[in-house]
Amino acid sequence: MANTNSNGASLKNILKVPDIQKRLLFTFLILVVVRFGAQIPIPGVSRDVFASWFANQSNGAMDLFDMMTGGSFSQMSIFALSITPYITSSIIMQLMTIIIPSLEEMQKDQDGREKMKEYTFYLSIVLAAIQSLAMGIGFYRGGYLASKNALGLVIVVVALVTGACVLIYLGKEITKHGVGNGVSMILLFNIISRLPQDFKTLYDTFMSGKNIVKAGLALIIIVAVILFMFVFVVYLQDAYIKIPVQNSSKVQGRRSVGSVGDYIPFKVNSANVIPVIFAGSLMSLPSLITTFAGKTPSGIFGEIVKVLNQNNWFNMSAPVYSIGVIIYIVLVVAFAYFYTSITFNPVEVAERLKERGSFIPGHRPGKQTAEYLQSVSNSTIVIGAVGLLIVALVPIIFSGLFGADVSFGGTSLIIIVGVIIETIRQIDSKVEQRHLTGIFSK
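Residues numbered from 1 in each chain as written. Predicted model: local features only at pLDDT ≥ 70, side-chain atom pairs only at ≥ 80, totals over all residues. Heavy atoms only, no water.

**Q** Account for the overall build of the protein, naming residues and giving values.
**A** A count of helical and extended segments in the protein gives 18 helices and five strands. Scored against the burial criterion, the 442 residues of the protein give a buried share of 43%. For the protein, the proportion of contacts with a sequence separation of at least 24, taken over those separated by at least 6, is 69%. For the protein, the exposed surface amounts to about 23,300 Å²; the carbon and sulfur share of it is 65%. (Helix = DSSP H or I, 4+ residues; strand = E, 2+ residues; numbered from the N terminus. Buried < 20%, exposed > 50% of the residue type's maximum accessible area, 1.4 Å probe, protein only. Contact = heavy atoms within 4.5 Å. Areas by Shrake-Rupley, 256 points an atom, 1.4 Å probe, with all protein chains shown as cover.)

**Q** I'd like a rundown of helix H11 (residues 195-206), residues and numbers included.
**A** For H11, with twelve residues, the first-to-last C-alpha span of 16 Å sits near the 16 Å given by 1.5 Å per residue. Three or more residues of H11 are buried, namely Leu195, Asp198 and Leu202. Buried residues in H11, looked at end-on, bunch into an arc of 60°, giving them a common side. For H11, the exposed residues lying more than 90 degrees away from the buried face are Pro196 and Lys200. Along its buried surface, H11 packs onto helix H10 (182-192) and helix H12 (212-238). (Expected span 1.5 Å × (residues − 1). Arc of directions from axis to C-beta.)

**Q** Account for H10, naming residues and giving values.
**A** Counting buried positions over the eleven residues of H10 gives eight, a clear majority of the element. Listed as buried for H10 are Gly182, Val183, Met185, Ile186, Leu187, Leu188, Asn190 and Ile191. One side-chain oxygen of the residue at the start of H10 lies 3.2 Å from the amide nitrogen of Val183, identifying that residue as Asn181. (Polar contact = N/O pair within 3.5 Å; in protein donor to acceptor, adjacent residues only side chain to side chain.)

**Q** Residue-level account of the pattern of salt bridges, with values.
**A** Scanning the model with the defined rule gives six salt bridges in all. One salt bridge connects Arg23 with Asp19, and the closest N-O pair in it is separated by 3.3 Å. With Arg23 and Asp19 both in helix H2 (residues 18-37), this residue pair falls four residues apart, about one helical turn. Notably, a salt bridge pairs Arg352 with Glu348, separated by 2.5 Å at the nearest N-O pair. Taken as a pair, Arg352 and Glu348 lie in helix H16 (residues 346-355) at a separation of four residues, close to a single helical turn. (Salt bridge = Lys/Arg side-chain N within 4 Å of Asp/Glu carboxyl O.)

**Q** So what about the environment of Ser322? Which residues, and what values?
**A** Among the structural elements, Ser322 can be located in the loop between helix H14 (299-308) and helix H15 (324-343). Classification of Ser322 as buried rests on a relative accessible area of 19%. Discounting residues that sit within four places of it in the chain, Ser322 has contacts with Asn312, Trp313, Phe314 and Asn315.

**Q** If you had to explain the nonpolar core to someone new, which residues and values would you point to?
**A** Grouped together as the largest cluster of nonpolar side chains are 76 residues, with contacts concentrated most on Ile42, Met76, Ile83 and Tyr328. Examining the composition of this core, we find that eleven residues originate from one element, helix H9 (residues 150-177), more than from any other. Residue contacts for Ile83: discarding those within four places in its chain leaves Leu167, Ile168, Val183, Ile186 and Leu187. Within the second largest apolar cluster, eight residues are counted, among which are Ile243, Val245, Ile264 and Leu373. (Core = buried A, V, L, I, M, F, W, Y, C linked by side-chain atoms within 4.5 Å.)

**Q** Give me the lowdown on the packing of aromatic side chains, citing residues and values where you can.
**A** All chains considered together, the criterion is met by five aromatic pairs. Ring centres of Phe228 and Phe232 lie 5.9 Å apart, and the angle between their planes is 25°; this geometry places the pair in the stacked category. Of this pair, Phe228 and Phe232 both sit in helix H12, four residues apart, which is roughly one turn of that helix. (Phe/Tyr/Trp six-rings, centres within 6.5 Å; stacked < 30°, edge-to-face > 60°.)

**Q** Just give me the short version of the confidence of the model for the protein, but keep the residues and values in it.
**A** In this model, the protein carries an average pLDDT of 79, and 83% of its residues clear a pLDDT of 70 or more. The spread of mean pLDDT over the elements of the protein runs between strand S3 (residues 255-257), the lowest at 46, and H9, the highest at 88. A low-confidence stretch, residues 1-6 stays under pLDDT 50, and its non-local contacts, those more than four residues away or across chains, total nine contacts. (pLDDT = per-residue confidence, 0-100.)

**Q** Please provide a residue-by-residue account of the packing of H16 against helix H17 (residues 367-402), values included.
**A** One can describe the packing of H16 onto H17 by two numbers: an axis separation of 8 Å at closest approach and a directional angle of 130°. Classified by the interaxial angle, the pair formed by H16 and H17 is oblique. Of the two possible hands of crossing, H16 and H17 adopt the one that is right-handed. Along the contact surface, H16 presents Pro346, Val347, Val349, Ala350 and Leu353, while H17 presents Thr369, Ala370, Leu373 and Gln374. In the contact of H16 with H17, the residues fall into seven nonpolar, two polar and no charged. (Axes fitted to C-alpha atoms, helices over the stretch in contact; angles between N-to-C directions. Parallel < 35°, antiparallel > 145°, perpendicular 65-115°, else oblique. Left-handed = near helix turned anticlockwise from the far one by under 90°. Nonpolar A, V, L, I, M, F, W, Y, C, P; charged D, E, K, R; others polar.)

Written as structure tokens, this is what we have:
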């Protein structure tokens, strides 16, 4: 069959493969179940009272958490925790492999990786229980439970933990029988489900009640900003630097074999969205603690909480709170360096190149190669961190200056683009196994 480079033909190729058709259908049905479960309320929670409480909050962490749960948190459904405990657990386990040598060894073979997945699942249950208990106690003290007793608290904790476990199971099923990474797909679907509400908010804020000229101008600006952000994130997520590698030549008979040019790809945004999530979560922690404790911060501590709250940044009526932006920038850059340093070991890469007889032109194998790789890594970290800050701060700036209060921001956009690109690549690989042309194929 002749290959074609057109996207239309590529989509037709995808639909021609029965296995992919079944996987797409399975994924769609599971995601429908996820959205259905997001509408089931937790037994014993006064939903209307809680919704009123949530509407009065001005906590950036609350908005981020609600976005990642697809609105399940603000609706207090059984999926209110979503798959966030599993995501947190995965990050913790990844960090632990650097600290604990035995875990690092486990990652080197298939059986060990399967064991690591089990540990990740068990840790996610523990984290879900801790989060559920903290939320349940906060609701109990705030009077948001219909049954104001210990039994009501237990019901909330059990419902939240069970909901998180169900979502983790559904995510694993998507990974096995659907398309893409199941956990990522659920997170993507949760974020996308909030877009209609966000677009309505933008319409009500900038277009509703305006004359045609002002409304049209607002629409053009909104579309232009969204398109710019989307294209920028696509380039940021898919950009990498090629480090040329030369393989040593070998003489076989009278022929010289080898000396083939290769390269090491360095992702520009190697830390992905992790630094933004870490920085935002750390800065929102004081506000979250006081919120669930049912206390209103006052005095110096209250001012610090306001500085750390991104909802107060770029507000011209209180510009002093925008000092928090500086702290945020420092944390994003620091976390980008930290995360990349524990996931990339230049000395180990240099040793592997040396063992297989490969080298980087202009740099001696061993220490000099490791130093060069470290310098390249540092450069890409800076570029990636600056890109992340642009994506994260543009929505915050518009929210502060113009009151564009939407949950859709830089973090969600990076997640959406990253998951979509990775899913398309997985579908492409399955299509190309059948000698057809995929969407990304040339």
